Amino acid sequence: MEKVREVSTFGEYAKELHSRPNEYAERFMRAKLERSYAEELALRERTEEHKNEILRFCMYPYPVK
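Keep in mind the model is a prediction, meaning the values are calculated, not measured. (Residues numbered from 1 in each chain as written. Predicted model: local features only at pLDDT ≥ 70, side-chain atom pairs only at ≥ 80, totals over all residues. Heavy atoms only, no water.)

If you tally the helices and strands in the protein chain, you get 4 helices and 0 strands. Its C-alpha radius of gyration of 15 Å places the protein chain more than 25% over the 11 Å reference for a compact globule of 65 residues. If one aligns the C-alpha atoms of the protein chain with their principal axes, the spans along those axes are about 45 × 20 × 20 Å. Out of the 65 residues in the protein chain, the part that is buried amounts to 20%. (Helix = DSSP H or I, 4+ residues; strand = E, 2+ residues; numbered from the N terminus. Rg over C-alpha atoms; globule rule 2.2 N^0.38 Å. Buried < 20%, exposed > 50% of the residue type's maximum accessible area, 1.4 Å probe, protein only.)

Structure (structure tokens):
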């Protein structure tokens, strides 16, 4: 994604936009992940650290608070 952003006409705007946390997207993704964890057929135990890492990957390119 970084390579595409570098050559894009709107690259600077995209960098600036993606450097700020997106609270709406983060709330949405947290809720979606919690639903997904609850609906698993084979429940897995995840540490808070692991859940935060999953959230961070799902939120890319936005930073997570």
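Moving on to the nonpolar core. Core analysis: the biggest nonpolar cluster contains 5 residues, these being Met29, Leu33, Tyr37, Leu55 and Met59. Secondary structure elements with two or more residues in this core: helix 3 (23-38) and helix 4 (48-59). Counting residues per element, this core draws most heavily on helix 3, at 3 residues. Those residues in contact with Met59 that sit more than four places away from it in its chain are Asn22, Ala25, Glu26, Met29 and Val64. (Core = buried A, V, L, I, M, F, W, Y, C linked by side-chain atoms within 4.5 Å. Contact = heavy atoms within 4.5 Å.)

Here helix 3 crosses helix 4 at 125°, and the two axes come no closer than 10 Å. One finds that helix 3 runs oblique with respect to helix 4. Seen along the crossing, helix 3 lies across helix 4 with a hand that is right-handed. Of helix 4, the residues touching helix 3 (which contributes Ala25, Glu26, Met29, Arg30, Leu33, Glu34 and Tyr37) are Lys51, Asn52, Ile54, Leu55, Cys58 and Met59. Of the residues that constitute the contact of helix 3 with helix 4, the class distribution is 8 nonpolar, 1 polar and 4 charged. (Axes fitted to C-alpha atoms, helices over the stretch in contact; angles between N-to-C directions. Parallel < 35°, antiparallel > 145°, perpendicular 65-115°, else oblique. Left-handed = near helix turned anticlockwise from the far one by under 90°. Nonpolar A, V, L, I, M, F, W, Y, C, P; charged D, E, K, R; others polar.)

With that out of the way, let us pick up the side chain of Glu26. In this fold, Glu26 is placed in helix 3. Here Glu26 falls in the buried class, since its relative accessible area comes to 8%. The residues touching Glu26, leaving out its near neighbours within four places in the chain, are Leu55, Met59, Pro63, Val64 and Lys65.

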